[in-house]
Amino acid sequence: MQTLRLQIAAIVKALGLLILLQTSVAVADSSREQQQAKLDAACEKAREMKLAPLRKQFVEECVRKEEQPSRTDCEGYYSDYGSQSGNRAPLFYDLTECKKAFEYQSSERQG
């Protein structure tokens, strides 16, 4: 009977450690996801800072050359400039902030 109690106690202890370990992994995953989201947001902010003036320039040129019926149409036409579309590659993912986000994401796959 004493041996059975010791075995049960050992099993309960092992299960407790397993639950604790799983909780730690879940917290680490959540923390990693938060860090990835933070890096991704920094990347997108840096890209937008580069893209916004270019979009504005294209819209102004569109209005000046009357390429679209109105300014609103020109703005709509260029609203996705810099994004991936069809065979067009997205722009400015070579910025430092984007490289950091990609490297962090890649490190998860290797680790």
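In case you missed it, the structure is sitting above this.
The structure reproduced in this document is the subject of the present report.

Here is what the cut-offs are and how they apply
- Residues numbered from 1 in each chain as written.
- Predicted model: local features only at pLDDT ≥ 70, side-chain atom pairs only at ≥ 80, totals over all residues.
- Heavy atoms only, no water.
- Phe/Tyr/Trp six-rings, centres within 6.5 Å; stacked < 30°, edge-to-face > 60°.
- Helix = DSSP H or I, 4+ residues; strand = E, 2+ residues; numbered from the N terminus.
- Buried < 20%, exposed > 50% of the residue type's maximum accessible area, 1.4 Å probe, protein only.
- Disulfide = S-S within 2.5 Å.
- Salt bridge = Lys/Arg side-chain N within 4 Å of Asp/Glu carboxyl O.

On to the packing of aromatic side chains. Taken as a whole and assessed by the stated rule, the structure comprises three aromatic pairs. Between Phe58 and Tyr78, the aromatic rings sit 5.3 Å apart at their centres with planes inclined by 10 degrees, giving stacked as the arrangement. Of the two residues, Phe58 sits in helix α1 (residues 2–64) while Tyr78 sits in helix α2 (residues 71–78), which places them 20 residues apart along the sequence. Of the residues examined, Phe58 reaches a relative accessible area of 26% and is grouped as partly exposed. Between Phe58 and Tyr81 the ring centres are 4.8 Å apart and the planes differ by 55 degrees, which places this aromatic pair in the tilted class.

Applying the stated criterion across every chain, the model contains two disulfides. Disulfide partner of Cys43: Cys98, at an S-S distance of 2.0 Å. Negative torsions about the S-S bond denote left-handed disulfides, and the value of about 90 degrees found for Cys43 with Cys98 makes this one right-handed. Residue Cys43 is located in helix α1, and its partner Cys98 is located in helix α3 (residues 96–110); the two are separated by 55 residues in the primary sequence. There is no split in this pair, since Cys43 and Cys98 are both buried. Here Cys62 connects covalently by a disulfide to Cys74, the sulfurs 2.1 Å from one another. The sign of the -75 degrees torsion about the S-S bond sets the Cys62-Cys74 disulfide as left-handed. Residue Cys62 is located in helix α1, and its partner Cys74 is located in helix α2; the two are separated by twelve residues in the primary sequence. Under the relative-accessibility criterion, Cys74 is labelled buried at 0%. The connectivity of the disulfide bonds within the protein can be written as 1-4, 2-3, using the sequence rank of each bonded cysteine.

What follows deals with the pattern of salt bridges. This structure, assessed with the given rule, holds five salt bridges. Glu61 is the salt-bridge partner of Lys65, the closest N and O atoms lying 3.2 Å from each other. Residue classification places Lys65 among the exposed positions, given a relative accessible area of 52%. A salt bridge links Asp80 to Arg88, with the nearest nitrogen and oxygen atoms 3.8 Å apart. For Asp80, a relative accessible area of 34% corresponds to the partly exposed category.

Function-wise, these values are silent; they only describe arrangement.
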